[in-house]
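# Topology and contacts: notes
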Amino acid sequence: MDFISILSIFVLACFIGYYVVWSVTPALHTPLMAVTNAISSVIVVGALIAAAAEGSVLSKWLGLAAVALASVNIFGGFAVTERMLAMYKKKG
Amino acid sequence: MPEGAIDSWVALAYLIAGVCFILALRGLSSPASSRRGNRFGMAGMALAVGTTLYMHHVASMAEIAGAIIAGGGVGWLTARRIAMTAMPQLVAAFHSLVGMAAVLVACAAFLNPTAFGIADMVVPMLGKPFAVIHPVSRIEMGLGVAIGAITFSGSVIAFLKLNGNMSGKPIMLPGRHVINLAVLAGILGLIGFFVTDQSPWIFWTVTGLSFAIGFLLIIPIGGADMPVVVSMLNSYSGWAAAAMGFTLHNTAMIITGALVGSSGAILSYIMCRAMNRSFISVIAGGFGGDSAAAGGGQAIDRPWKRGSAEDAAFLMQQAEQVIIVPGYGMAVAQAQHVLREMGDKLKAHGVRVKYAIHPVAGRMPGHMNVLLAEANVPYDEVFELEDINSEFAQTDVAFVIGANDVTNPAAKTDKTSPIYGMPVLDVEKAKTVLFVKRSMGGVGYAGVDNEVFYRDNTMMLLADAKKMVEEIVKSLD
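Residues numbered from 1 in each chain as written. Chains lettered and ligands numbered in written order. Predicted model: local features only at pLDDT ≥ 70, side-chain atom pairs only at ≥ 80, totals over all residues. Heavy atoms only, no water.

## Here we look at the environment of Y19 of chain A
Residues and elements named next belong to chain A. Considering the arrangement of structural elements, one finds Y19 in helix α1 (residues 3-22). Overall, Y19 belongs to the exposed group, its relative accessible area being 57%. In this structure the C-alpha to C-alpha distance between Y19 and E54, which are 35 residues apart in sequence, comes to 42 Å. (Helix = DSSP H or I, 4+ residues; strand = E, 2+ residues; numbered from the N terminus. Buried < 20%, exposed > 50% of the residue type's maximum accessible area, 1.4 Å probe, protein only.)

The following block contains the structure:
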């Protein structure tokens, strides 16, 4: 993909983000932060590429460390969001 | 399948993962759809990870599995055990991990650029072949490592302040604005230079300076401004992911980065608006430091009324409607459960009970809502400032617990007040205000005295928030 198509995706995604986030109810702003935390750990994709590649031992170990850190976030972030959301109940 | 066809499937998979993340946030528009949204998020993540592992020749599957299990285990256990009152520091800690992961990935990409497909091999006539990183990738990588490092060190400081390992008071270095601007300019200049020269010293200096600036930016910011800081760091962690997405040409990362980046930015904006402060003044820091001593002085002499738990119970029993206004003090005292008990008792007496939440109550956006939800308060009894503020005038009792600045009428009338212009809850319009507070001496984070304490219709309930509410519950029997 060339730079300009990637930039297009990025700019359009910013607009989607803007409208989607304004529609989030303020009562759920804490879960919003927890779940954005979890999904920003999609950076694990880069970590996996580094950890899977051959060629540089140091790079591989940095990648593995990043995989571990991102995994803390992925499992922790989704689990804590799930736990919080389960607490929101309606009357009765 | 031919190579090109596989690439298209992979790109499609990452795109679907990105869409899943959009749906995850979209689900949060109401508590009813929120859990389905969270499942979409998990599915998107599984798809992104699965696709990456499937696509790359993995030389070290066992190690990767080990890293995922170790990290995932720690994360899952923490998520299960963490107290809801500790959510702000947990989120800050998680932000620091995203930042560090971004730094590590950028370093790995710098050390082994061919694995990421961002470099061309150059084979000179003499000497060893070496990888030349694409100029655009160098900028993206430089920005990625810089934002990641700022996110990491900034979040560590935010965590230490929220967790109480470090004083919430702003720490002011002399000439800090000059230092900060110089360091920022240095980072940007070096990233620019990095395009022409891919020497390791430039990359590592950018990394080092970015760690330093993250630290310097957050230490002068006081405890009450933490909701803005936590949201801002949330935003940074997104931009870091987006920058790495540019480096890797990965749509899932770019979409996610943009979503998270805008989410954090919008939350910061909402928090700033709720405090009537500009983003710049929050970042410049220093709020809630020196002014505290000045405002507290004249408070002592003025007459005020003190009430007991029995008085409070009696007043609320007689009321038609009670609005409870919780703040950070409720979280500190862990009073949310006993508060809900009080609400139940009142409802049994035929009193209508509602909760009013100011956007900056607590230490992060939505903090109070989560605590009340934890205590089984139904979310349709909990209202935001603009939805309930007009009701105080027709309310018999406003019960303020652990909140202060967000109820201060000086924000509406006193142009000299540091909180002038901040939207506040009109508690003083209620027939009676019951104000739970530890002692009369202390003032709120903004360091200003609260007019509400001395009004005729206010009764101060001086005690630990949890103990006071427990006694009220006893008196309600």
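Once the structure has been displayed, the description carries forward.
## Quick look at the pairing of strand β7 (residues 432-437) of chain B
Residues and elements named next belong to chain B. The element β7 is extensively covered by neighbouring structure, given that six of its six residues are classed as buried. Judged by which residues are buried, β7 turns out to be covered on both faces: T432, L434 and V436 on one side and V433, F435 and K437 on the other are all buried. The sheet contact formed by strand β6 (residues 397-401) and β7 spans five bridges and is parallel. For A398, the partnering residue across the bridge sits in β7 and is V433. Summarising the sheet, β7 and strand β8 (residues 458-462) pair through five bridges and their orientation is parallel. By the bridge assignment for β8, L434 is matched with M459. (Pairing = 2+ DSSP bridges.)

## Let's talk about the interface of chain B and chain A
In this complex, chain B contributes 103 residues to the contact, which on the side of chain A involves 80 residues. Note on chain B versus chain A: buried area summed over both sides is about 8100 Å², and carbon and sulfur give 77% of it. Counting every contact that joins chain B to chain A gives three salt bridges. The tally of links from chain B across to chain A stands at 23 residue pairs in polar contact (both at pLDDT 80 or more). Those elements that provide at least two residues to the side of chain B that touches chain A are α1 (3-26), α2 (31-55), α3 (61-81), α4 (87-111), α5 (135-162), α8 (226-248), α9 (251-275) and α15 (367-374) of chain B. If one sorts the elements of the side of chain B that touches chain A by residue count, α9 of chain B sits on top with 16 residues. Residue classes in the side of chain B that touches chain A are distributed as 64 nonpolar, 27 polar and twelve charged. (Contact = heavy atoms within 4.5 Å. Buried area = accessible area lost by both parts, 1.4 Å probe. Salt bridge = Lys/Arg side-chain N within 4 Å of Asp/Glu carboxyl O. Polar contact = N/O pair within 3.5 Å; in protein donor to acceptor, adjacent residues only side chain to side chain. Nonpolar A, V, L, I, M, F, W, Y, C, P; charged D, E, K, R; others polar.)

## Structural notes on a negative patch on the surface
Residues and elements named next belong to chain B. Together, E310, D311, E341, E470 and E471 give the surface a local cluster of negative charge. Put simply, the parts of the chain that give the negative patch at least two residues each are α12 (309-318) and α18 (465-475). With respect to the helices and strands, D311 occurs in helix α12. For D311, a relative accessible area of 32% corresponds to the partly exposed category. (Patch = residues over 30% accessible without salt bridge, like charges linked within 9 Å, V, L, I, M, F, W, Y side chains within 5 Å. Areas by Shrake-Rupley, 256 points an atom, 1.4 Å probe, with all protein chains shown as cover. Lys, Arg positive; Asp, Glu negative; His and termini not counted. Charge placed at Lys NZ, Arg CZ, Asp CG, Glu CD.)

## Regarding the nonpolar core
A general trend in soluble globular proteins is that nonpolar side chains are found buried together. Residues and elements named next belong to chain B. Ranked by internal contacts, the top residues of the largest apolar core, which has 193 residues, are M316, M342, F399, I401 and I472. Per-element tally for this core: the top contributor is α4, with 16 residues. Excluding residues that lie within four positions of it along the chain, F399 makes contacts with M316, V322, I323, I324, V325, L339, M342, L434, V436, L461, V469 and I472. (Core = buried A, V, L, I, M, F, W, Y, C linked by side-chain atoms within 4.5 Å.)

## Details of the side chain of S59 of chain A
Along the chain, the position of S59 of chain A falls in helix α4 (residues 57-87). In this view, S59 of chain A contacts A50 of chain A together with A108, L111 and N112 of chain B; residues no more than four positions away in its chain are not counted.

## Side note on the packing of aromatic side chains
Tallied over the full model, the rule gives 15 aromatic pairs over all chains. Ring geometry for F10 of chain A versus F246 of chain B: centroids 5.2 Å apart, planes at 70°, classification edge-to-face. Here F10 of chain A, found in helix α1, pairs with F246 of chain B, found in helix α8, and the two come from separate chains. Like F10 of chain A, the residue F246 of chain B is buried in the burial classification. Where F453 of chain B meets Y454 of chain B, the ring centres are 6.0 Å apart and the plane angle is 70°; that geometry is what we call edge-to-face. This pair shows no difference in class: F453 of chain B is buried, exactly as Y454 of chain B is. Sitting over the ring of F383 of chain B, K354 of chain B keeps its end group 5.3 Å from the ring centre. The lysine or arginine in question, R363 of chain B, covers the ring of Y328 of chain B, its NZ or CZ lying 3.8 Å from the ring centre. (Phe/Tyr/Trp six-rings, centres within 6.5 Å; stacked < 30°, edge-to-face > 60°. Lys NZ or Arg CZ within 6 Å of the ring centre and 35° of its normal.)

## Notes on α3 of chain B
In a regular helix each residue adds 1.5 Å, so 21 residues correspond to 30 Å; α3 of chain B covers 30 Å between its end C-alpha atoms and thus fits that length. Residues of α3 of chain B that are buried: I64, A67, G71, G72, G75 and A79 of chain B. Projected down its long axis, α3 of chain B carries its buried residues within an arc of 110°, all on one side. Turned more than 90 degrees away from the buried face of α3 of chain B sit A62, I69, R80 and R81 of chain B, all of them exposed. The elements touched by buried residues of α3 of chain B are α3 (44-52) and α4 of chain A together with α2 of chain B. (Expected span 1.5 Å × (residues − 1). Arc of directions from axis to C-beta.)

Keep in mind these values describe shape, not function.
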